[in-house]
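Fold and geometry: a report
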Amino acid sequence: MDTVSRRQFMTSVGAAGVGVLLGGCAGKADSKEVTAVEDLMREHGVLRRALFVYSEAAVRLRDNPLSVPPGALQKTASLFRAFGEDYHEKKLEEAYIFPAVRKAGGEAAGYIEILVEQHQRGRVITDYILALSRGAKIEADKVKPLASALESLVRMYRPHATREDTIIFPAWKQALTAKQLDEMGDKFEDIEREQFGADGFESAVRQISLIEQELGLADLAQFTAPKP
Ligand SMILES: [Fe+2]
Ligand SMILES: [Fe+2]
C-alpha cells in the first residue's frame, strides 16, 4: 500500500469509526433517558433538600429567630408548592401512580388513602408557612408555631416519601409492562415541560441550591458526622 492509498484507507476507517461512534451515541441516548421511576425519585431528592432546609430553619427559629430570613422560607415553601404539591403529587402521583397501584391491589394499595390525606395536610402546612413568611420579619408570637409546623411537615413527609420509594413506586412498576413504563416516562417529561418549560427538574435543583447557599447549608462537608 503506497502512502496515498494508505491515507485514503485510514480516512475511510476514520469515517466509519465516526459512524459507529455516532450510532453508539444514538443508541445510548435512549438508555440515558430518565425513566419514570427515576424521575419520581429524583423529585423526592429535591423535596428532601427542601425538608432539610425546613428542619435546619426550625432549629434556628427556636434558637435565634432573627437568623432565619423569612424570604428563604417563602422561597422554599413556594418551591415545595410548585414542584412538590402541584406537580409531583397532583400531576404524577395522584393522576397516574395512585390509581394504578390501587387497581393492582395488595399491600401497596392499602397505603393510597393515607398518602393522599398526607398530601392534603402538607398543602395546609405549606399555606401556613407561606402566610407566616410573607413579611420582612416573622412575628414574635408566631416563631414557635412556625418551627413546630416545619418540624411536623418534615416528620410526615420523610416516611411518606420513603414508603413511596420502597413500596408504591416498585408496585407501580410491577403493574406496568416495559412498554407502558417507557410511555409513562415520555408522558412525565411532557407534563414536566408543560408545567415548567424545558427544565423543570434542573430549575428546581438550582432554586434549592440557591436557598441552601443563602442559609449557609451549601457546603456538604460541614455535615460529615463527628467521630463518636
Ligand atoms: Fe406522595
Ligand atoms: Fe412522592
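Residues numbered from 1 in each chain as written. Chains lettered and ligands numbered in written order. Predicted model: local features only at pLDDT ≥ 70, side-chain atom pairs only at ≥ 80, totals over all residues.

**Considering the overall build of the protein**
- Along its length, the protein carries seven helices and zero strands.
- For the protein, the N- to C-terminal ordering of α and β elements is α-α-α-α-α-α-α.
- Partitioning the contacts of the protein with sequence separation of at least 6, the portion at a separation of at least 24 is 80%. (Helix = DSSP H or I, 4+ residues; strand = E, 2+ residues; numbered from the N terminus. Contact = placed C-beta atoms within 7 Å.)

**Structural notes on the packing of helix H3 (residues 70-104) against helix H4 (residues 112-132)**
- It is at 10 Å that the axes of H3 and H4 come closest, and there the two elements cross at 165°. By the criterion of interaxial angle, the relationship of H3 to H4 is roughly antiparallel. Crossing hand, H3 versus H4: left-handed. In contact with Leu73, Gln74, Ala77, Phe80, Arg81, Glu85, Glu89, Glu94, Phe98, Val101 and Arg102 of H3, H4 contributes Ile112, Leu115, Val116, His119, Gly122, Arg123, Thr126, Ile129 and Leu130.
- A breakdown of the residues in the contact of H3 with H4 according to their chemical character gives 10 nonpolar, four polar and six charged. (Axes fitted to C-alpha atoms, helices over the stretch in contact; angles between N-to-C directions. Parallel < 35°, antiparallel > 145°, perpendicular 65-115°, else oblique. Left-handed = near helix turned anticlockwise from the far one by under 90°. Nonpolar A, V, L, I, M, F, W, Y, C, P; charged D, E, K, R; others polar.)

**Focus on the environment of Ile167**
- Its location among the elements puts Ile167 in helix H5 (residues 143-175).
- Considered as a pair, Ile167 and Glu107 are 60 residues apart in the sequence and their alpha carbons are 8.3 Å apart.
- In this view, Ile167 contacts Glu107, Ala108 and Tyr111; residues no more than four positions away in its chain are not counted.

**Brief notes about the nonpolar core**
- Counting 29 residues, the largest nonpolar core has Leu47, Ala50, Tyr54, Ala57 and Leu150 as its most contacted members.
- Only helix H2 (36-63), H3, H4, H5 and helix H7 (200-214) provide two or more residues apiece to this core.
- The element contributing the most residues to this core is H2, with nine residues.
- Setting aside chain neighbours within four positions, we find Ala57 in contact with Val68, Leu73 and Leu150. (Core = buried A, V, L, I, M, F, W, Y, C linked by C-beta atoms within 7 Å. Buried ≥ 20, exposed ≤ 12 C-beta atoms within 10 Å, placed from the backbone.)

**Quick look at the confidence of the model for the protein**
- Residues with a pLDDT of 70 or more make up 86% of the protein, whose mean pLDDT is 89.
- Within the model, the stretch residues 1-29 combines pLDDT values under 50 with two contacts to residues more than four positions away or in other chains. (pLDDT = per-residue confidence, 0-100.)

**As for the environment of Leu92**
- Examined against the element boundaries, Leu92 turns out to sit in helix H3.
- Judged by the 20 C-beta atoms lying within 10 Å of it, Leu92 falls in the buried class.
- For the pair Leu92 and Phe188, spaced 96 residues apart in sequence, the C-alpha separation works out to 7.3 Å.
- If we ignore the near neighbours within four places in the chain, the residues touching Leu92 are Leu40, Ile97, Phe188 and Ile191.

**A short note on helix H6 (residues 178-196)**
- Along its 19 residues, H6 runs 27 Å from first to last C-alpha, staying within 8% of the 27 Å computed at 1.5 Å per residue.
- Listing the buried residues of H6 in full gives Met184, Phe188 and Glu192. Buried residues of H6, seen end-on, are gathered within an arc of 75° and therefore sit on one face of the element. Turned more than 90 degrees off the buried face of H6, the exposed positions are Lys179, Asp186, Asp190, Arg193 and Glu194.
- Contacts made by the buried residues of H6 are with H2, H3 and H7.
- Gly197 sits one or two residues past H6 and shows a positive phi near 85°. (Expected span 1.5 Å × (residues − 1). Arc of directions from axis to C-beta.)

**Describing the packing of H2 against H5**
- Close contact between H2 and H5 brings their axes to 9 Å; oriented N to C, the two are set at 160°. Classed by the angle they form, the pair H2 and H5 counts as roughly antiparallel. Crossing of H2 against H5: the hand is left-handed.
- Taken together, the residues of the contact of H2 with H5 sort by class into 18 nonpolar, two polar and six charged.

**A word on the environment of Gly45**
- Residue placement: Gly45 occurs in helix H2.
- By C-beta crowding, Gly45 is classed as partly exposed, having 13 other C-beta atoms within 10 Å.
- A sequence separation of 160 residues divides Gly45 from Val205, and the C-alpha atoms of the two residues are 9.1 Å apart.

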